[in-house]
Amino acid sequence: MRKTRKTLVAMAATAALAITLTACGSDDGSSSGAAADSASKTENHNAQDVTFAQGMIPHHKGALEMAEEATDKASSAEVKALAARIEKAQTAEIGTMSGWLKTWGEDVPTSTESMPGMESMESMEAMPEMNHGSAAEDFDKAFLAMMIEHHKGAVKMATTEKAKGEYGPATAMADDVIRTQNAEITEMNKLLDKN
């Protein structure tokens, strides 16, 4: 009887511990697991994650300005379609990163000027020159060349985030930026070769 009682107590303690651990690490959407998961996601970021978001937002805004110009002025339907895709994807990413920064209590950049240590926006300074091209084809070539360089800057920033970031959604976005923007660089190089 005494042995059975000790066994029951041990089994009950083991079960209680298992329930506690399950509640803390649950990914099933239960309220206690979801609350713990939400709290850890908010806290589980580092300075690199903040730097990534604060640097990528103005970088993306610069790309949006260039893409808006291209949707208006490009002669090629392919260039216009590419510019529209860039606008759509990067507008969504800006919204996501702004949300992270607000959750973390960090400043959300409002301009297109680069943050300290981030890729320079020299390509944006060249935009007025682009507008004076003698032909629409010149505009397309200039846009593609500048956007390729701009994308390379984003890939570099994203590569640093993947290596040093801690926040899962930010490193996942960095991975997506690397994949999609490298693919767009390949696409833009092909378009340049056609012109």
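Residues numbered from 1 in each chain as written. Predicted model: local features only at pLDDT ≥ 70, side-chain atom pairs only at ≥ 80, totals over all residues. Heavy atoms only, no water.

Attention now moves to the overall build of the protein chain. Looking only at helices and strands, one finds eight helices and zero strands in the protein chain. In the protein chain, the order of α-helices and β-strands from amino to carboxyl end is α-α-α-α-α-α-α-α. Each of the 195 residues in the protein chain was classed as buried or not, and the buried ones make up 34%. Put simply, 75% of the contacts in the protein chain that link residues at least 6 apart link residues at least 24 apart. Accessible surface, the protein chain: about 10,900 Å² in total, of which carbon and sulfur atoms supply 55%. (Helix = DSSP H or I, 4+ residues; strand = E, 2+ residues; numbered from the N terminus. Buried < 20%, exposed > 50% of the residue type's maximum accessible area, 1.4 Å probe, protein only. Contact = heavy atoms within 4.5 Å. Areas by Shrake-Rupley, 256 points an atom, 1.4 Å probe, with all protein chains shown as cover.)

Close contact between helix H3 (residues 47–73) and helix H4 (residues 77–104) brings their axes to 8 Å; oriented N to C, the two are set at 155 degrees. In terms of their interaxial angle, H3 and H4 are classed as roughly antiparallel. As for the relative orientation of H3 and H4, their crossing is left-handed in sense. Its residues assigned to classes, the contact of H3 with H4 comprises 18 nonpolar, six polar and eight charged. (Axes fitted to C-alpha atoms, helices over the stretch in contact; angles between N-to-C directions. Parallel < 35°, antiparallel > 145°, perpendicular 65-115°, else oblique. Left-handed = near helix turned anticlockwise from the far one by under 90°. Nonpolar A, V, L, I, M, F, W, Y, C, P; charged D, E, K, R; others polar.)

Once that is clear, we can look at the side chain of Gln181. With respect to the helices and strands, Gln181 occurs in helix H8 (residues 168–194). Every residue in contact with Gln181, bar those within four places of it in the chain, is listed here: His60, Gln90, His151, Ala154, Val155 and Asp176.

Remark: H3 packs on H8, axes separated minimally by 11 Å, with the N-to-C direction vectors making an angle of 40 degrees. In this view, H3 runs oblique relative to H8, as classed from their interaxial angle. In this structure, the crossing between H3 and H8 has a hand that is left-handed. Counted together, Asp49, Phe52, Met56 and His60 of H3 and Ala170, Met173, Ala174, Val177 and Gln181 of H8 form the full contact between these two elements.

In this model H4 runs 41 Å from its N-terminal to its C-terminal C-alpha over 28 residues, within 8% of the 40 Å that 1.5 Å per residue would give. Among the residues making up H4, those that are buried are Val79, Leu82, Ala83, Ile86, Gln90, Glu93, Ile94, Met97, Ser98, Trp100, Leu101 and Trp104. Where H4 begins, the capping side chain belongs to Ser76, and its oxygen is found 3.1 Å from the backbone nitrogen of Glu78. Positive phi shows up at Gly105, right after H4, with a value of about 75 degrees. (Expected span 1.5 Å × (residues − 1). Polar contact = N/O pair within 3.5 Å; in protein donor to acceptor, adjacent residues only side chain to side chain.)

The subject of this paragraph is H8. Across its 27 residues, H8 extends 39 Å between first and last C-alpha, which sits within 8% of the 39 Å expected from 1.5 Å per residue. All of the buried residues along H8 are Ala170, Met173, Ala174, Val177, Ile178, Gln181, Glu184, Ile185, Met188 and Leu191.

A word on the confidence of the model for the protein chain. The predicted model of the protein chain has a mean per-residue pLDDT of 78, with 65% of residues at 70 or higher. Counted against residues more than four places away or in other chains, residues 114–125, with its pLDDT under 50, gives 25 contacts. (pLDDT = per-residue confidence, 0-100.)

Let's shift gears to the packing of aromatic side chains. Applying the stated criterion across every chain yields a total of three aromatic pairs. Consider the rings of Trp100 and Tyr167, whose centres lie 5.5 Å apart with planes at 85 degrees: the pair is edge-to-face. In this pair, Trp100 is assigned in helix H4 and Tyr167 in the loop between helix H7 (136–164) and H8, connecting sequence segments 67 residues apart. The pair Trp100 / Tyr167 is uniform in exposure class, with both members buried. With a centroid separation of 5.0 Å and 80 degrees between ring planes, the pair formed by Trp104 and Tyr167 is classed as edge-to-face. Taken together, the residues Trp104 in helix H4 and Tyr167 in the loop between H7 and H8 connect sequence positions 63 residues apart. (Phe/Tyr/Trp six-rings, centres within 6.5 Å; stacked < 30°, edge-to-face > 60°.)

Before going further, it helps to spend a moment on the pattern of salt bridges. As enumerated under the stated definition, the model contains six salt bridges in all. With a shortest N-O distance of 3.0 Å, Lys73 and Glu69 are connected by a salt bridge. Taken together, the residues span about one helical turn, with Lys73 and Glu69 both in helix H3 at a distance of four residues. Exposure remark for Glu69: the relative accessible area of 23% places this residue in the partly exposed category. With a shortest N-O distance of 2.2 Å, Asp176 and Arg179 are connected by a salt bridge. A residue pair is termed a helical-turn pair when its members lie 3 or 4 positions apart in one helix, as Asp176 and Arg179 do in helix H8 at three residues. In this structure Arg179 comes out as exposed when scored by relative accessible area, which is 54%. (Salt bridge = Lys/Arg side-chain N within 4 Å of Asp/Glu carboxyl O.)

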